[in-house]
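Summary of structural features
As a plain string of letters, each chain reads:
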Amino acid sequence: MKPQLTNSKLKMQLIDMKKIWRDPILVCTIVLVIISLLLFIVLPLYKVLKQSVIATDGKLTLASYFKILSSTDTAKVFYNTMLLGVLVGVLSTVIGFIFAYADAYLKMKGKKIFNLIAILPIVSPPFVIALSAILLFGRSGLITRKLLGMTNANIYGLKGLLLVQTLTFFPVAYLLLAGLLKSIDPSMEEASRNMGASRWKTFTTVTLPLAIPGIANSFLLVFIQVVADFGNPMVIGGNFSTLATQIYLQAIGNYDMQGGATLAVLLLAVSTLLFVLSKYWIEKKSYVTVTGKPSRERGLIEEKHIVAPLSLFCLIASGLVIAFYILIPIGSFTKLWGINYDFTLDHYRYAWTVGKKAILDTTWLSLLSMPITGILGMIIAFLIVRKRFLGRGLIEFTSLLAMAIPGTVIGIGYILAYNTKPLVLTGTATILIIAFIFRSLPMGIRSGIASLQQIDPSIEEASADLGANAFKTFRSVTLPLIKPAFFSGLIYTFVRSMTAVSTVIFLVSSRYNLLTVTILGQVDVGKIGVASAFSTILILIVYAVIGILYFLLSKLGVSKSDIQM
Amino acid sequence: MINHSKSVILKDITKQYIGHGKKEEFTAVDNISLEIKSGEFITLLGPSGCGKTTTLRMVAGFEIPSAGDIYIGDQKINNLPPEKRDTAMVFQSYALFPHYNIFDNVAYGLKLKKSSKKDIEKKVLHILELVGLQGLGDRAPNQISGGQQQRVALARALVMEPSVLLFDEPLSNLDAKLRVYMRTEIRKIQQRLGITSIYVTHDQSEAMSLSDRIIIMNKGKIEQIGTPEEVYQTPASEFVADFIGVANLAEGKINAVNGDNANVEVFGVNIDIPIKNAKFKAGDQVKVISRPEGLTVGTEGVFDGLVKFSAFMGSYQEYHIDIQGKNFIIQETNPAGKKIFTENERVKINFYPNSLHLIKA
């Protein structure tokens, strides 16, 4: 007799759920994770959407959209944002590709600098390059005023943003494309040469087509970051407004929450669309598995006429980027930029007097959110990769989506959701920590997922088979094996929290101000020297904490090479 | 080592999965029932996708049956999580913990049981000696060879003194020679300890050499359960005949049944064939199965054939013979003293008594 089988999909899922029900710790964890994701990612977005369609009398209306969309100002802002996204996307991808190609294919010296170039934008506040662009090309800029004697130089606007954002974001493209090019099996290119193709022909018919999905992806990722970028347009945008800054100005500057929310929905739609495009369309087309190990090492190109121009380009670009960063500490020790280049500590004295609390608060709030994010990220990654349960899809989708949400959108969402009862959090340190956690979490989850997928699930099954419960297995087997991802998640969270600006600018208060917001304030009143001093302090704190973390980890027996940024 | 061996009973077990992206479900295991005696070594044998690994993982507790019950000893274990089941599994990939050394890998389960330190050390060292790894306790898993890793996996399971040992294709990552060596080792250790064992493989020679009984599975169903001799000599279906060894098939028709014998018409000739594990009546269409070593090629015999291919293989001469359009593979053992036929020669085919077997068509 065939047993009566349940044919509904839900029933089958419930049978699978039995596996989970057997473990109460697991059930609690899943419930807590789902609740926190709903509260701090989904609810704020829902509030933004609601705010944009509910009129003051409580009726559902699209009036705000008609108003915003018919305004020429908004059209201009929207056009600006897209234009900037496309231009910076293309420029960054081209430069990033040249760097990646040099890294993967050329026999050249100085490749170590590439790593530095890639890491600098990650460990500095998002507007450092904008700041040094002002020092170089501003009204009293080193090049414009001192060298060229111009008195009316104007770096503000599109051209300034193009320069600054390209220098900030091309490392993103470089990292992505370098990973891709390095994973192309060299035997494919050798096969092409072997059948009579020249190096150029091989590049255009084999290498480039294989890299096309990656190139498209890097364009989209840069695009998403450009349209979400808040710091640079604030510092150097001038009259060139973008969606991200306009949301803030509308909501906080003009006290028009509905207008801000409507713009936020618009920006969110753009980002999400691009993200979905990148995730589900382009990544499917990829021929090269990113984790796949090539069969052999690639024979590097040594021909002078190829190596010389490309390495020259990379070295000049690298030098430029490094110069931009070095300018900040120099500026912080200079009396009055453009007029008096004497050494001074005044800016630091002033910064310490006005910003001592902000510096300390930013540091300890970031330190606090670090372990929480690290552990939560690994737990969620573990649930997504290893467990099957109702709500898993929701967790995966929400944490993925969170990557695409621009900081200003989530910032306005937090104000709308946590300004009123039942949960009043605005003005507290808690909301800042929550913002730090949920801004860094998606990245932690992603690296956790990537490293879990490398680990044979039967290793965990073996642990269960030998008598360990889910908690014990996670602690004694899973966590040690994904240690590298865990520690890089810690560092990433700290750095990201220290340098966060777009979300937290909505959430700071007189009780809790943050370093990045203070810097923006100084830039706003023209105190570039003080802003540089604050930025230098910030970078020093970041390096100090990373250094201490490395030291502690080496005491715990974790080698530096275990941690990838 | 103490023997805690217990029997295993599967009752009407079915496992369905939700198809990925597809609406309908996929039945991996389709209503199977099975009784494994305490101390018995049984093998689940079948092609990939036949449900053998799923069955094993349901016993271990990694999968939950959609329907049916599983018992270890007298205890129904359907809802017991893996860590509470008294089973120990040897994984295909070994699944050694890369961050522990060999000793700690083997001691892992004992530590969870909160055994005393002295006890753990005694047991681990004893087991490592049993599998021939004495002195390697300090090594990391990636510092020893594949064969040694395999033994660590075995030791880690054995040290738990489980009621049931589970093997998931444990030898498939070893080279051919080591595979043969390890399977004798596994059989020797299992017989010495007398632990109930369930072994999953798709390698028929592994199944034959290891098992008390073989369970042949196909598309989620059990095709036949029997000793290695039974499944080879008296396969219950065409699938089993074909999956284990080489089978020659011919169509036949029952003329009459006399007790344990049937008179069958094959290729126009009437012959008597013993009936083993099926029931027939006069007029039934049947298939007659023969093995390559059960037939002979000569100048006298029952059937006429034409040699299509002939090759000297050392211990036997292999022939491919055409009998009325059907290809027969015949291995004539010890060819040295016999007449060798070449291609396109006409020959007569004969069969050894008891070498033909009947199944339903």
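1. Topic: the side chain of arginine 85 of chain B
Along the chain, the position of arginine 85 of chain B falls in the loop between strand S5 (75-76) and strand S6 (87-90). Buried and unpaired, arginine 85 of chain B has aspartate 465 of chain A as its nearest opposite-charge partner, separated by 8.1 Å. Sequence-distant contacts of arginine 85 of chain B, defined by excluding residues within four places in its chain, comprise Arg22 of chain A together with Met58, Val59, Ala60, Gly61, Ile77, Asn78 and Leu80 of chain B.

2. A few points about the sheet that holds strand S17 (residues 316-323) of chain B
Residue and element names in this part refer to chain B. Ordered in space as S15-S19-S16-S17-S18, the 5 strands form an open sheet in which the pairing is antiparallel. A single partner strand is all that each edge strand has here, and the edge strands are strand S15 (295-298) and strand S18 (326-333). On average, each strand axis in the sheet is inclined to that of its neighbour by 45 degrees, with strand direction left out of account. Direction of pairing for S15 relative to strand S19 (residues 346-351): antiparallel, over a ladder of 4 bridges.

3. Observations concerning the interface of chain A and chain B
The partner chain B presents 40 residues to the 34 residues of chain A that form the contact. Roughly 3100 Å² of surface becomes buried between chain A and chain B when both sides are summed, with 59% attributable to carbon and sulfur atoms. At the junction of chain A and chain B, the tally comes to 1 salt bridge. Across the salt bridge formed by arginine 57 of chain B and glutamate 461 of chain A, the nearest N and O atoms sit 2.6 Å from each other. Across the contact surface, chain A and chain B share 10 residue pairs in polar contact (both at pLDDT 80 or more). When contributions to the side of chain A that touches chain B are tallied by element, the ones reaching two or more residues are helix H1 (9-21), helix H19 (457-465) and helix H20 (470-481) of chain A. Considering only residue class, the side of chain A that touches chain B consists of 14 nonpolar, 9 polar and 11 charged.

4. Focus on the confidence of the model for chain A
Residue and element names in this part refer to chain A. Of all residues in chain A, 93% have pLDDT values of 70 or greater, and the mean over the chain is 85. Contacts for the low-pLDDT stretch residues 1-6, under 50 throughout, to residues beyond four places or in other chains number 14 contacts. Counting contacts from residues 289-294, a segment whose pLDDT is below 50, to residues more than four positions away or on other chains yields 8 contacts.

5. Focus: the nonpolar core
Leu181, Ile236, Tyr414, Phe438 and Phe506 of chain A together with Leu158 and Ile198 of chain B are the most contacted members of the largest nonpolar core, which totals 252 residues. Setting aside anything within four residues of it in sequence, one finds phenylalanine 438 of chain A in contact with Ser36, Leu37, Phe40, Ile41 and Tyr414 of chain A. Of all hydrophobic cores here, the second largest spans 26 residues; its members include Ile254, Phe267, Phe328 and Ile330 of chain B.

6. Observations concerning the packing of aromatic side chains
Residues and elements named next belong to chain A. Scanning the entire structure with this criterion turns up 31 aromatic pairs over all chains. The interplanar angle of 25 degrees and the centroid separation of 6.3 Å between the aromatic rings of phenylalanine 97 and tyrosine 101 together place this pair among those described as stacked. In this pair, phenylalanine 97 and tyrosine 101 both sit in helix H4 (residues 72-105), 4 residues apart, roughly one turn of the helix. An identical accessibility class is assigned to phenylalanine 97 and tyrosine 101; each is buried. An aromatic cluster is defined as three or more aromatic residues linked by ring pairs; in this entry it consists of Phe97, Tyr101, Tyr105, Trp200 and Phe203.

7. Some details on the sheet that holds strand S4 (residues 67-72) of chain B
All names here are of chain B. Spatially, S2-S1-S4-S5 is the arrangement adopted by the 4 strands of the open sheet, whose pairing is antiparallel. Among the strands making up the open sheet, the edge pair consists of strand S2 (25-36) and S5. Packing against the sheet, helix H1 (residues 52-60) makes contact with strand S1 (8-18), S2 and S4, and its axis sits at approximately 115 degrees to S1.

8. A word on the packing of helix H12 (residues 243-253) of chain A against helix H17 (residues 407-418) of chain A
Residues and elements named next belong to chain A. Where H12 contacts H17, the two axes come as close as 9 Å, and the packing angle between them is 20 degrees. Considering their axes alone, H12 and H17 lie roughly parallel with respect to each other. Listed contacts from H17 to Ala244, Ile247, Ala251 and Ile252 of H12 are Thr408, Val409, Ile412 and Ile415. Grouping the constituent residues of the contact of H12 with H17 by class yields 7 nonpolar, 1 polar and no charged.

Each value, and the rule that gives it
Residues numbered from 1 in each chain as written. Chains lettered and ligands numbered in written order. Predicted model: local features only at pLDDT ≥ 70, side-chain atom pairs only at ≥ 80, totals over all residues. Heavy atoms only, no water. Helix = DSSP H or I, 4+ residues; strand = E, 2+ residues; numbered from the N terminus. Buried < 20%, exposed > 50% of the residue type's maximum accessible area, 1.4 Å probe, protein only. Lys, Arg positive; Asp, Glu negative; His and termini not counted. Salt bridge = Lys/Arg side-chain N within 4 Å of Asp/Glu carboxyl O. Contact = heavy atoms within 4.5 Å. Pairing = 2+ DSSP bridges. Axes fitted to C-alpha atoms, helices over the stretch in contact; angles between N-to-C directions. Buried area = accessible area lost by both parts, 1.4 Å probe. Polar contact = N/O pair within 3.5 Å; in protein donor to acceptor, adjacent residues only side chain to side chain. Nonpolar A, V, L, I, M, F, W, Y, C, P; charged D, E, K, R; others polar. pLDDT = per-residue confidence, 0-100. Core = buried A, V, L, I, M, F, W, Y, C linked by side-chain atoms within 4.5 Å. Phe/Tyr/Trp six-rings, centres within 6.5 Å; stacked < 30°, edge-to-face > 60°. Parallel < 35°, antiparallel > 145°, perpendicular 65-115°, else oblique.

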